[in-house]
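# Tertiary structure, described
Chain by chain, the residues run as shown.
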Amino acid sequence: MTTEGGVFNIGSGGGEHAQVVSITVFVAVLCLCMLIGHLLEENRWVNESNTAIIIGCITGMIILLISKGRNSHILRFDEELFFIYLLPPIIFNAGFQVKKKQFFQNFLTIMMFGVIGVFVSTSIIAAGSWWLLPKIGLHRLTAREYLAIGTIFSSTDTVCTLQVLHQDETPLLYSLVFGEGVVNDATSVVLFNAIQKLDVTTAGGWYILHVLGDFLYLFTTSTTLGIITGLLTAYSLKTFYFGRHSTDREIALMVLMAYLSYMLAELLHLSGILTVFFCGILMSHYAWHNITESSRITTRHIFATMSFIAETFIFLYVGMDIFDIEQWKITKLSVPRLIGVCGALVSLILLGRAAFVFPLSTLANFTNRRSIERSSSITFSRQVIIWWAGLMRGAVSIALAFKQFTNSGVTLDPVNATMVTSTVIVVLFTTLLFGLLTKPLINYLVPHQGRGENHDMRTPKDELDLPLLSMDESTATNLTRAKDSLSMLLERPVYTIHHYWRRFDNAYMRPIFGGLSSTPRR
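Before going into details, it helps to say that this report is about the structure given with it. (Residues numbered from 1 in each chain as written. Predicted model: local features only at pLDDT ≥ 70, side-chain atom pairs only at ≥ 80, totals over all residues. Heavy atoms only, no water.)

## A short note on a nonpolar patch on the surface
Short version of the rule: Patch membership requires more than 30% relative accessible area and the absence of a salt bridge. Residues of like charge join within 9 Å; the nonpolar side chains Val, Leu, Ile, Met, Phe, Trp and Tyr join within 5 Å. Here the accessible surface of atoms and residues is derived via Shrake-Rupley with a 1.4 Å probe, and residues count as covered only by protein chains that are part of the display. Salt bridges, as used here, are contacts in which a Lys or Arg side-chain nitrogen is within 4 Å of a carboxyl oxygen on Asp or Glu. Strands here mean DSSP runs of E at least two residues long; helices mean DSSP runs of H or I at least four residues long; both are numbered from the N terminus.
On the surface, Leu-32, Leu-35, Leu-39 and Leu-40 cluster together into a nonpolar patch covering about 360 Å² of accessible area. When you line up the elements, Leu-40 lands in the loop between helix 1 (16-39) and helix 2 (48-66).

Structure below.
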């Protein structure tokens with residue numbers, strides 16, 4: 001840690017002693033967040049993210065008073081700190097802890113929300129900002145910056161909703177909200193980086209297709225890299241079995257390979273979010289079963305703890321940043337105009353979210369109209385929850401705003417300072433207001449007696465026990481079986497692919513890379 005240009009930039013003064021004091025205070029405040037969050041666990045309105053933001057606001061106010069209005073930070077935000085150190089454990093743990101069956105059975109719907117939804121939302125927010133912000137008094141933004149604003153405010157933060165929903169009680173809702181949140185973040189970052197390379201002066205139809213091609217390339221290669229890294233880790237653990245000498249080595253290998261996958265993706269200019277997410281899925285499916293029982297318990301707790309600390313760190317900083325007096329001084333807009341900018345952005349977020357959630361939910365219901373269970377459809381109440389879950393903005397929005405409008409967290413341009421301040425206010429407003437209303441809304445729309453959707457994701461075995469071709473049968477019999485299999489694939493493609501994948505996985509993948517059917521190691 002250094003005072004200038006390093007991971008942390010200390011806002012309260014230079015010197016080694018000031019650095020130690022700042023970090024000590026920040027860690028103490030983190031501990032306070034966890035203590036108060038635990039005490040408010042059963043509260044109807046407050047969740048841990050709201051608690052961290054509120055404590056951050058109080059801490060920032062106290063520091064502002066102590067410094068006599070000079071500063072409100074213990075540590076200076078750096079987007080590199082976020083993307084390199086804080087984001088990887090959050091995304092990896094999301095992939096490592098996800099219930100894979102529900103996630104992949106809703107994969108097409110999740111991809112529609114997470115990919116198509118980002119493009120729709122970005123278009124609406126960018127066009128709306130181009131039309132509204134100059135009328136409010138915010139000028140001198142370029143076309144590329146309007147597109148960047150669209151991606152910044154299209155990135156969702158579903159932490160508040162996921163803290164209320166439970167995988168076992170509402171598996172369909174949880175998998176949709178959770179899956180969209182991860183894919184949304186990855187898509188937003190990839191699209192943001194693509195926009196940075198966009199030459200708006202020569203952009204035309206073919207150039208837009210080129211951007212879409214780059215997007216698909218990044219999406220595919222990043223996912224492939226994560227799968228390869230996860231399989232390599234699983235194979236190493238199964239072949240060398242580190243646990244017979246030391247469980248520390250196998251735990252360390254999983255942690256380091258997870259981080260290596262993210263850094264390799266960044267090194268190759270791919271999407272680290274997608275890479276580390278799918279690396280987490282592959283590790284939990286294969287590698288986790290190749291380590292000792294004690295290491296399994298330890299790894300789950302390690303990854304969850306690292307993710308929890310990183311999330312609390314981010315929300316705590318968001319609360320403190322609202323009192324960044326330097327940004328407020330640089331911003332030339334009056335308070336009413338600044339409120340108008342934030343109000344316009346929040347309105348566009350609401351509109352952009354609704355523009356794809358409800359139509360795509362209808363499309364998903366239509367494509368799944370032949371599903372075995374009627375309760376697996378996305379009802380209107382579920383659509384409202386999915387829409388609401390994506391209204392909150394979080395750390396990715398702030399990191400992208402800092403990356404677009406600042407240089408290492410600092411800007412002297414009034415327009416850029418206004419956009420950074422507006423982003424922080426929007427994140428604070430949506431997280432606190434919408435977050436506070438999340439628990440009551442979900443309890444109203446999905447009462448406890450109406451939960452327990454476990455049957456949603458189940459499929460009768462006999463209907464998925466699709467026949468395979470046999471050399472012992474006649475040609476006519478094989479043709480009939482092939483016709484039945486193709487018919488089942490067209491009627492229920494996700495269930496059919498999932499069924500055949502499980503058979504392939506059990507027959508070929510798990511014997512090589514390990515898995516649930518492997519003999520447990522003690």
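## With respect to the side chain of Thr-299
What counts here: Relative accessibility decides the category of a residue: with a 1.4 Å probe and only protein chains considered, values under 20% of the type maximum give buried, values over 50% give exposed, and everything between is partly exposed.
Checked against the element boundaries, Thr-299 lands in helix 12 (residues 293-321). By relative accessible area, which is 1% here, Thr-299 ends up buried.

## Notes on the packing of aromatic side chains
So the rule is basically this: Note on aromatic pairs: the rings of Phe, Tyr and Trp (six-membered ring only in Trp) are paired at centre separations within 6.5 Å, and the planes decide the class, stacked below 30 degrees, edge-to-face beyond 60, tilted for the rest. Cation placement over rings: the criterion is NZ of Lys or CZ of Arg within 6 Å of the ring centroid and within 35° of the ring normal.
This structure, assessed with the given rule, holds 21 aromatic pairs. A centroid spacing of 5.1 Å and a plane angle of 75° characterise the contact between Phe-82 and Phe-83, whose relative ring orientation is edge-to-face. Phe-83 matches Phe-82 in its accessibility class, with the two residues each being buried. Between Phe-178 and Phe-277, the aromatic rings sit 6.4 Å apart at their centres with planes inclined by 45°, giving tilted as the arrangement. A residue pair is termed long-range when its members are at least 10 positions apart, and Phe-178 in helix 8 (residues 171-196) and Phe-277 in helix 11 (residues 272-285) qualify at 99 residues. Each member of the pair, Phe-178 together with Phe-277, is buried. Linked through ring pairs, Phe-103, Phe-104, Phe-107, Tyr-174, Phe-178, Phe-277 and Phe-278 together constitute an aromatic cluster. Over the ring of Trp-288 we find Arg-296; its NZ or CZ atom is 5.4 Å from the centre of that ring. Taking NZ or CZ as reference, Lys-403 lies 5.4 Å from the ring centre of Phe-83, over its face.

## Regarding the pattern of salt bridges
Evaluated as defined, the whole model comprises 4 salt bridges. Ionic pairing is found between Glu-293 and Arg-296, a salt bridge with its closest N-O pair at 3.5 Å. One end of the pair, Glu-293, and the other, Arg-296, are both in helix 12, 3 residues apart, so they sit about a helical turn from each other. Judged by relative accessible area, Glu-293 falls into the partly exposed class, the value being 33%. For Arg-510, the salt bridge identified is with Asp-505, shortest N-O distance 3.1 Å. Residue Arg-510 is classed as buried on the basis of its relative accessible area of 14%.

## Describing the nonpolar core
The test is simple: Nonpolar core, defined: a set of buried Ala, Val, Leu, Ile, Met, Phe, Trp, Tyr and Cys residues in which side-chain atoms within 4.5 Å join the residues together. Contacts are assigned to residue pairs that have any heavy atoms within 4.5 Å of one another.
Judged by nonpolar contacts, the single largest core of 127 residues is most densely connected at Phe-82, Leu-141, Ile-149, Phe-153, Phe-277 and Met-283. If we skip the residues at most four places from it in the chain, Phe-277 touches Ile-91, Ala-94, Gly-95, Phe-103, Phe-178 and Val-182.

## Topic: unusual backbone geometry
Most peptide bonds take the trans configuration, and most residues that are not glycine carry a negative phi. Of note in the backbone geometry, Arg-140 takes a positive phi value of approximately 70° without being a glycine. Owing to a relative accessible area of 58%, Arg-140 belongs among the exposed residues under this scheme. Phi is positive for His-269, close to 60°, though the residue is something other than glycine. Locating His-269 in the fold gives a position in the loop between helix 10 (247-267) and helix 11. We classify His-269 as exposed; its relative accessible area is 64%.

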